[in-house]
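Listed below, chain by chain, are the residues.
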Amino acid sequence: IDFVTTTVEAGDSVRVVWLYPESTRVELQPHAKLGYSKNLYWYERNVRLWGNARFDVAPSKEGPLRLHAGKMFLVYPEGSFTVAGASLHPFIKQP
């Protein structure tokens, strides 16, 4: 089941997106796209990424962030990481 109901695209420049209510910050790199369910994000914390982005994941009592990117699925409770490689096999870089 595809959960994405809302998408945000970066266009030709970097775009910052805030995911509420816990204030996770996502810095989309040019031409990247972020998808999530506006109605369900607050308790499922599922997001889908196409392209490259830096995530600053805020802790939440609802559980970890669940990221889908290409063929990768990542569960990340809190902290910072970057998803790079806009293909089916992206990779994670941590600071």
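Conventions used here
Residues numbered from 1 in each chain as written. Predicted model: local features only at pLDDT ≥ 70, side-chain atom pairs only at ≥ 80, totals over all residues. Heavy atoms only, no water. Salt bridge = Lys/Arg side-chain N within 4 Å of Asp/Glu carboxyl O. Helix = DSSP H or I, 4+ residues; strand = E, 2+ residues; numbered from the N terminus. Buried < 20%, exposed > 50% of the residue type's maximum accessible area, 1.4 Å probe, protein only.

### Examining the pattern of salt bridges
Between side chains of opposite charge, pairing is possible as soon as their charged atoms come close.
Link 1 in the chain: Per the stated rule, a full pass over the model turns up five salt bridges.
Link 2 in the chain: Salt-bridge contacts for arginine 45 lead to glutamate 22; the nearest nitrogen and oxygen are separated by 3.2 Å. Taken as a pair, arginine 45 in the loop between helix H1 (41-44) and strand S5 (46-50) and glutamate 22 in the loop between strand S2 (15-19) and strand S3 (24-28) lie far apart in primary sequence, 23 residues in all. The exposure classification of arginine 45 matches that of glutamate 22, with both residues buried.
Link 3 in the chain: One salt bridge in this structure joins arginine 54 and aspartate 56, with 3.3 Å as the shortest N-O distance.
Link 4 in the chain: Arginine 54 sits in the partly exposed class, given a relative accessible area of 27%.
Link 5 in the chain: A relative accessible area of 22% places aspartate 56 in the partly exposed class.
Link 6 in the chain: Within this structure, Arg25, Glu27, Arg54 and Asp56 form a network of salt bridges that share partners.

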